[in-house]
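# Structure assessment
So the chains spell out like this:
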Amino acid sequence: MNLVQRGSQTARDGFHNEQNICDKFNNWQFDNEAQQWLTIMQYDLSKIEYVRAVVLHGYKADVNVQVQIRLKSAIDSENIQVKLVSNRKGFNQVDKRWLLHYKEMWNMPDNIYSLLKYYTGEDKPYKTGVRDSRRMFMDEFTNEEQELLLDWFSNNKTLILSDIIKGRGQFSAEWILVVQKINNNARWMLVNINQALQHYSSGDVKISPKGSMHIGHVTMQRKGGDGGRNTSKMLQFKLDPTQLFDI
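Predicted model only: the values in this text are computed from it and were never measured.

Per the secondary structure count, the protein chain includes seven helices and 11 strands. Projected onto its principal axes, the C-alpha positions of the protein chain cover 70 × 40 × 35 Å. The burial tally for the protein chain puts 52% of its 247 residues in the buried class. Sequence-distant contacts in the protein chain: of pairs separated by 6 or more residues, those separated by 24 or more amount to 55%. Here the protein chain displays about 12600 Å² of accessible surface, and carbon together with sulfur accounts for 45% of that area. Separation of charge centres in the protein chain, based on 32 positive and 28 negative side chains, amounts to 4 Å.

Structure representation (structure tokens):
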């Protein structure tokens, strides 16, 4: 692995939120972590004229960093997705939408869309004897239906994981910064988005013992909760950001 493309270190002062990350970049001349992040992004600190970082909302990237290099007319731009975690391990939601939105994004066939509507509970179970009268779990579909789901998600795994982790458009994520804070201790990992995608996409697509779906190291499941409101029927994708400390 190219170590210039990633980095990890224990942080003494910790991190609080996305704005704190921006403040560190904007104070890069005096901030040790910001200097290390810029170095990982392959910037020569001696050639930087200024750095300007802002918080983004509604995009896969949480922070946009603009870097002006001396004697260079163009301004470089880096989009960073920030994951703040307070547990040693644990799943973090990376995408949540109505099933119809995913159907349109991925040109999902009608038969796959129909099965997933039973899974999310938008449609009631088509048979009796299921574990939950409001919806179906994937292991309650017929073997043929399970194979249809597994084949379609396997064939479209690269597109699906890219959309839910990296995103599309101007503010798609180019880096993931994971900050883990436990008690008064903190550590961080900055990794190129393509290396993160390579990690989370490794592994098969399979139906879990609990009747949801694993797509590599990403879990797809019905959102649930929300006091039984209609939004509980949305589809969500979750991953464990702390896995990036071990790649």
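As a further point, take the nonpolar core. Counting residues in each nonpolar core, the largest one holds 45 residues, and the members touching the most others are Phe153 and Phe237. When residues of this core are assigned to their parent elements, the largest contribution, six residues, is made by helix α4 (residues 110–120). Leaving out residues up to four positions away in the same chain, Phe153 has contacts with Ile112, Leu116, Ile160, Val205, Met213, Ile215 and Met220. Among the nonpolar cores identified, the runner-up in size contains 24 residues, and Ile21, Met41, Leu177 and Leu190 belong to it.

Further remarks concern the packing of aromatic side chains. Each aromatic ring pair is specified by the distance between its two centres and by the angle formed by the two planes. Applying the stated criterion across every chain, the model contains eight aromatic pairs. Arranged with centres 4.8 Å apart and planes meeting at 20°, the rings of Tyr102 and Trp106 form a pair that is stacked. Highlighted residues: Tyr102 and Trp106, both in helix α3 (residues 99–106), separated by four residues, approximately one helical turn. We note that Tyr102, like Trp106, is buried. Taken together, a centroid distance of 5.1 Å and an interplanar angle of 75° make the contact between Tyr118 and Tyr126 edge-to-face. Residue classification places Tyr126 among the partly exposed residues on the basis of a relative accessible area of 34%. Here the aromatic residues Phe25, Trp37 and Trp188 are joined through ring pairs into a cluster of three or more. Sitting over the ring of Phe137, Arg131 keeps its end group 4.3 Å from the ring centre.

This brings us to α3. By the burial criterion, the buried members of α3 are Leu99, Tyr102, Lys103, Met105 and Trp106. For α3, the arc enclosing every buried residue in end-on projection is 165°, short of the 170-degree limit, so these residues lie on one face. Those residues of α3 that are buried are in contact with β5 (92–97), α4, α5 (143–155), α6 (157–166) and β11 (235–239). In the segment just after α3, Asn107 is the residue with positive phi, at about 50°.

Summarising burial for strand β7 (residues 185–192): six of the eight residues are buried, a large majority. Remark: two residues form the turn of the hairpin made by strand β6 (residues 175–182) and β7, two consecutive strands paired antiparallel; Asn183 in that turn has positive phi of roughly 55°.

Moving on to the confidence of the model for the protein chain. Per-chain confidence: the protein chain averages 90 in pLDDT, with 94% of residues scoring 70 or above. Between residues 1–7, whose pLDDT stays under 50, and residues either more than four places distant or in other chains, the model counts 28 contacts.

This next bit is on the sheet that holds β5. Sheet architecture is open: five strands sit in the order β5-β11-β10-β9-β8, paired in antiparallel fashion. Unpaired on one side and paired on the other, β5 and β8 (205–207) mark the two borders of the sheet. With strand direction ignored, the average angle separating the axes of adjacent strands in the sheet is 25°. Sheet analysis places β5 next to β11, joined by five bridges and oriented antiparallel. For Asn92, the partnering residue across the bridge sits in β11 and is Leu239.

This next bit is on unusual backbone geometry. Its identity is not glycine, yet Leu71 carries a phi of approximately 65°, on the positive side. Examined against the element boundaries, Leu71 turns out to sit in the loop between β3 (63–69) and β4 (75–85). Backbone geometry at Asn107 places phi at a positive 50°, although glycine is not the residue there. The residue Asn107 is located in the loop between α3 and α4 in this model. What makes Asn107 exposed here is its relative accessible area of 67%.

What counts and what doesn't
- Residues numbered from 1 in each chain as written.
- Predicted model: local features only at pLDDT ≥ 70, side-chain atom pairs only at ≥ 80, totals over all residues.
- Heavy atoms only, no water.
- Helix = DSSP H or I, 4+ residues; strand = E, 2+ residues; numbered from the N terminus.
- Buried < 20%, exposed > 50% of the residue type's maximum accessible area, 1.4 Å probe, protein only.
- Contact = heavy atoms within 4.5 Å.
- Areas by Shrake-Rupley, 256 points an atom, 1.4 Å probe, with all protein chains shown as cover.
- Lys, Arg positive; Asp, Glu negative; His and termini not counted.
- Charge placed at Lys NZ, Arg CZ, Asp CG, Glu CD.
- Core = buried A, V, L, I, M, F, W, Y, C linked by side-chain atoms within 4.5 Å.
- Phe/Tyr/Trp six-rings, centres within 6.5 Å; stacked < 30°, edge-to-face > 60°.
- Lys NZ or Arg CZ within 6 Å of the ring centre and 35° of its normal.
- Arc of directions from axis to C-beta.
- Pairing = 2+ DSSP bridges.
- pLDDT = per-residue confidence, 0-100.
- Axes fitted to C-alpha atoms, helices over the stretch in contact; angles between N-to-C directions.

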